[in-house]
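Each chain is listed here by its residues.
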Amino acid sequence: NAGVTQTPKFQVLKTGQSMTLQCAQDMNHEYMSWYRQDPGMGLRLIHYSVGAGITDQGEVPNGYNVSRSTTEDFPLRLLSAAPSQTSVYFCASSYRGGTLHFGNGTRLTVT
Amino acid sequence: GESVGLHLPTLSVQEGDNSIINCAYSNSASDYFIWYKQESGKGPQFIIDIRSNMDKRQGQRVTVLLNKTVKHLSLQIAATQPGDSAVYFCAETDYGGSQGNLIFGKGTKLSVKP
């Protein structure tokens, strides 16, 4: 039982490049979400999903896309990276109304 | 406690002392509150939670207190150990309106001196 797995752990992008941050969970959780963490800002919700085929925007969705084709996977796409997207990204999952389980994060730098 | 500034508030305690970390939450409709611990290089880990129909809940060495009148939450850690050194976040949610989305506070860094 691996919990929530995020890949890659580290990534450096140039401005304008695109990439996908991967997130997978093996706990059959309906709910999955993506947060970004910046110094002094806590964790802010980017996008979330309450089940396969359903996604919605969080507090800071601009510049990011998500999809949820399976219960297990919830990738986060940056279509055209910007320096303002330099951050640590966390994926989390839970049963509806349950405790959020977090992955160990992806540290992204955009130059 | 929580801060809107760029620098995390820091609490420094001696090993063996009790620690109290405070949090002011924002939404009076929030009905579920959680404390998370985040160690360097890792994701947040659940510590303890409390629902709005309670004002106190105890776990192993940790106690959460909720004061809905002043929208204040605190985490008490008994006999603090070096392994408790981490950043602690409170989080709130209103399950009826937010589908379980958590709103996190900005965190408090706990440093334990041996």
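The structure under discussion appears in the preceding block.
Okay, so let's go over this structure. Just so we're clear, the structure is a prediction, and the values are computed from it rather than from any experiment.

Procedures and definitions
Numbering of residues starts from 1 in each chain and follows the order in which that chain's sequence is written. Labels follow written order: the first chain is A, the first ligand is 1, and so on. Confidence filtering applies because this is a predicted model: local features only for residues at pLDDT of at least 70, side-chain atom pairs given and counted only at 80 or more, and all residues used for totals across whole chains, interfaces and linings. Hydrogens and water are ignored here; the side-chain numbers use all heavy atoms of the structure. Here, nonpolar core means buried Ala, Val, Leu, Ile, Met, Phe, Trp, Tyr and Cys residues that are tied together by side-chain atoms lying within 4.5 Å of each other. Residue burial is assigned from relative accessible area. The probe radius is 1.4 Å, only protein chains are included, and a residue is buried under 20% of its type maximum, exposed over 50%, and partly exposed in between. The secondary structure listing takes helices from DSSP runs of H or I that are at least 4 residues long and strands from runs of E that are at least 2 residues long, numbered from the N terminus. Here, a disulfide means two cysteine sulfur atoms that sit within 2.5 Å of each other. Here, strands pair whenever DSSP counts at least two bridges between them. Here, axes are lines fitted to C-alpha atoms. For helices the fit covers the stretch in contact, and angles between N-to-C directions go from 0 to 180 degrees.

What about the nonpolar core?
Generally speaking, a soluble globular protein has its nonpolar side chains buried in company with each other.
Residues and elements named next belong to chain A.
Okay, so step 1: Membership of the largest hydrophobic core comes to 20 residues, with the highest contact counts inside it found for L21, W34, I46, L76, L78, Y89 and L108.
Okay, so step 2: If you list the elements that add at least two residues to this core, you get β3 (19-25), β4 (31-38), β7 (64-66), β8 (76-78), β9 (87-94) and β11 (106-110).
Okay, so step 3: A total of three residues in this core trace back to one element, the largest contributor, which is β3.

Regarding the state of the cysteines
Among covalent bonds in proteins, the disulfide is the one between the sulfur atoms of two cysteines.
Residues and elements named next belong to chain A.
Okay, so step 1: Applying the stated criterion across every chain yields a total of two disulfides over all chains.
Okay, so step 2: The disulfide bridge from C23 ends at C91, spanning 1.9 Å between sulfur atoms. Of note, the bridge from C23 to C91 carries an S-S torsion of about -70 degrees and is left-handed in sense. One end of the pair, C23, is in strand β3; the other, C91, is in strand β9, and 68 residues separate them in sequence. No difference in accessibility class separates C23 from C91, as the two residues are buried.

What to know about the sheet that holds β7(A)
Residue and element names in this part refer to chain A.
Okay, so step 1: As summarised here, the arrangement of the four strands in space is β1-β3-β8-β7, forming an open sheet in which the pairing is antiparallel. Two strands bound the open sheet, and with one partner strand each, they are β1 (4-7) and β7. Between one strand axis and the next, the sheet turns by 20 degrees as a mean value, whatever way the strands run.
Okay, so step 2: Relative to β3, β1 runs antiparallel, the two being bridged by four bridges. Following the sheet pairing, Q6 is matched in β3 by C23.

Points about the pairing of strand β6 (residues 62-67) of chain B
Residue and element names in this part refer to chain B.
Okay, so step 1: As defined by bridge partners, strand β5 (residues 56-58) adjoins β6 across three bridges and the pair is classed as antiparallel. Note that in β6 the partner of Q58 across the bridge is T63.
Okay, so step 2: The turn linking β5 back onto β6 is made up of three residues, and R61 within it adopts a positive phi angle of 65 degrees.
Okay, so step 3: Judged from the six bridges that link them, β6 and strand β7 (residues 72-77) form a sheet pairing that is antiparallel. Of the residues in β7, the one forming a bridge with V62 is I77.
Okay, so step 4: The turn joining β6 and β7, which pair antiparallel and follow one another in sequence, is formed by four residues; a positive phi near 50 degrees is taken by K71.

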